[in-house]
Amino acid sequence: MYTKRNYSLWMTFRWSRKSFIRGMLYATAVTLLYKFTGWAIFTLPWEPISVIGIAVAFYLGFKNNSSYDRTWEARKAWGGIVNDSRTFATGILSLIDKGSHGDLEARKKRIIYRHLAWAIALKRLLRDTRKSWEHKYGPKDLFFVPQYAKIMEDGVAKELAPYLAADELECFIKVKNIPVQILKKQTEELAALKEEGLISDYKQVWFHQLIGNFYDNQGTCERIKNFPLPRQYASVALWMNYFFCALIPFGLLDIFEASNELWVWMTIPFSGLIIWIFFLMERIGDYSENPFESAYNDIPISAITRSIEIDLREMLKDENIPEPYPVENGFLM
């Protein structure tokens, strides 16, 4: 996630410069053909082109709104994970009855640590690139956040190791969906606490409601991760944009040819600018579709997970609590 107030114009242009350059080259080719051939087929009335442009703009607006809804839903799900994690840890520390059942404090710590492993495993699950419609991001692409790139390269086992017993880690690392299995283990732990008389029926039900919330928020994130914006909307928006932008130089030639000789050449920069703006809008919607890709504008789930680690370990009065992830080059992952 970009953390500064605004992207600079140069950063925005650099991210989308290919569409501007290609638009300029295309408009130059059309203008040169018109100039040296004088064929009227290289001019089209602007009015019907503008009607197509209005339709494309509405469609791109719909696509961007739908993509933004996916991003905002993902952020709300992680906000719920943060709140429920604090509630869960507070309940574990304060609602389990004391008694002669061995080292109860160590057991509480193990449950909370296992929850931290769940949050980290969920983060890693969402960061994995598995679908053909996703943009491809790997640790080598994260040059703007070298600290997080190093964590990605180290693998999930190393990140989970501080929070899981060796036998649990060995068991979990073999399954496809680690977070689901960790939550299952948590429910078994709650059942054991109930059997030993350390929590009442009511408390067990209350803890299970929190586990259900974790499952719900995980499911929300997995749905966004695994089910794209329907391909007909994504594809039609792209091809409509191509068709409209292909007509722009022909329409501008019709306008500028009525002026003096110099204005014909203004078709090139104005075409490039209009094509760039429309493809910039399309690209924003395209990159907002999946908010878990480690791209510039995605949900900073690594930073959110680290904040959960800090909060819960401070509740445990741990030592060597990790620092929040720093903002690197204006970005937070």
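Residues numbered from 1 in each chain as written. Predicted model: local features only at pLDDT ≥ 70, side-chain atom pairs only at ≥ 80, totals over all residues. Heavy atoms only, no water.

Engineer: For this particular structure, what's the right way to read the packing of aromatic side chains?
Structural biologist: Each aromatic ring pair is characterised by the separation of its centres together with the angle its planes make. All chains considered together, the criterion is met by nine aromatic pairs. Ring plane angle 70° and centroid distance 6.3 Å describe the contact between tyrosine 59 and phenylalanine 62, whose orientation is recorded as edge-to-face. Here tyrosine 59 and its partner phenylalanine 62 are both found in helix α2 (residues 46–94), three residues apart, which amounts to about one turn of the helix. The exposure class assigned to phenylalanine 62 is partly exposed, which follows from its relative accessible area of 38%. (Phe/Tyr/Trp six-rings, centres within 6.5 Å; stacked < 30°, edge-to-face > 60°. Helix = DSSP H or I, 4+ residues; strand = E, 2+ residues; numbered from the N terminus. Buried < 20%, exposed > 50% of the residue type's maximum accessible area, 1.4 Å probe, protein only.)

Engineer: How do you make sense of the packing of α2 against helix α9 (residues 231–256) when you look at a structure like this?
Structural biologist: The packing of two helices is summarised by the inter-axis angle and the distance between the axes. Look at α2 against α9: their axes get within 9 Å of each other, and the N-to-C directions meet at 150°. The pairing of α2 with α9 is recorded here as roughly antiparallel in orientation. For α2 against α9, the interelement crossing comes out left-handed. Taken together, the residues of the contact of α2 with α9 break down into 18 nonpolar, four polar and two charged. (Axes fitted to C-alpha atoms, helices over the stretch in contact; angles between N-to-C directions. Parallel < 35°, antiparallel > 145°, perpendicular 65-115°, else oblique. Left-handed = near helix turned anticlockwise from the far one by under 90°. Nonpolar A, V, L, I, M, F, W, Y, C, P; charged D, E, K, R; others polar.)

Engineer: Explain the layout of surface pockets here, please?
Structural biologist: If a probe as big as a water molecule is rolled over the atoms, it shows which places are left empty. Within this model, the second largest pocket holds a volume of roughly 220 Å³. Considering the residues around the second largest pocket, the lining is formed by 13 residues, among which Ile151, Lys158, Glu159, Pro162 and Arg306 are closest to the centre. Broken down by secondary-structure element, the contributors of at least two residues to the lining of the second largest pocket are α4 (146–154), α5 (156–160) and α12 (301–315). Per-element tally for the lining of the second largest pocket: the top contributor is α12, with three residues. The residue makeup of the lining of the second largest pocket, split by class, is six nonpolar, one polar and six charged. (1 Å grid on protein atoms, 1.4 Å probe; cavity = no way out; pocket = protein on both sides within 12 Å on 5 of 7 lines; lining within 4 Å. Points joined across faces, edges and corners; volume = space filled by probe spheres on them.)

Interpretation note: all reported values are geometric properties and have no functional meaning in isolation.
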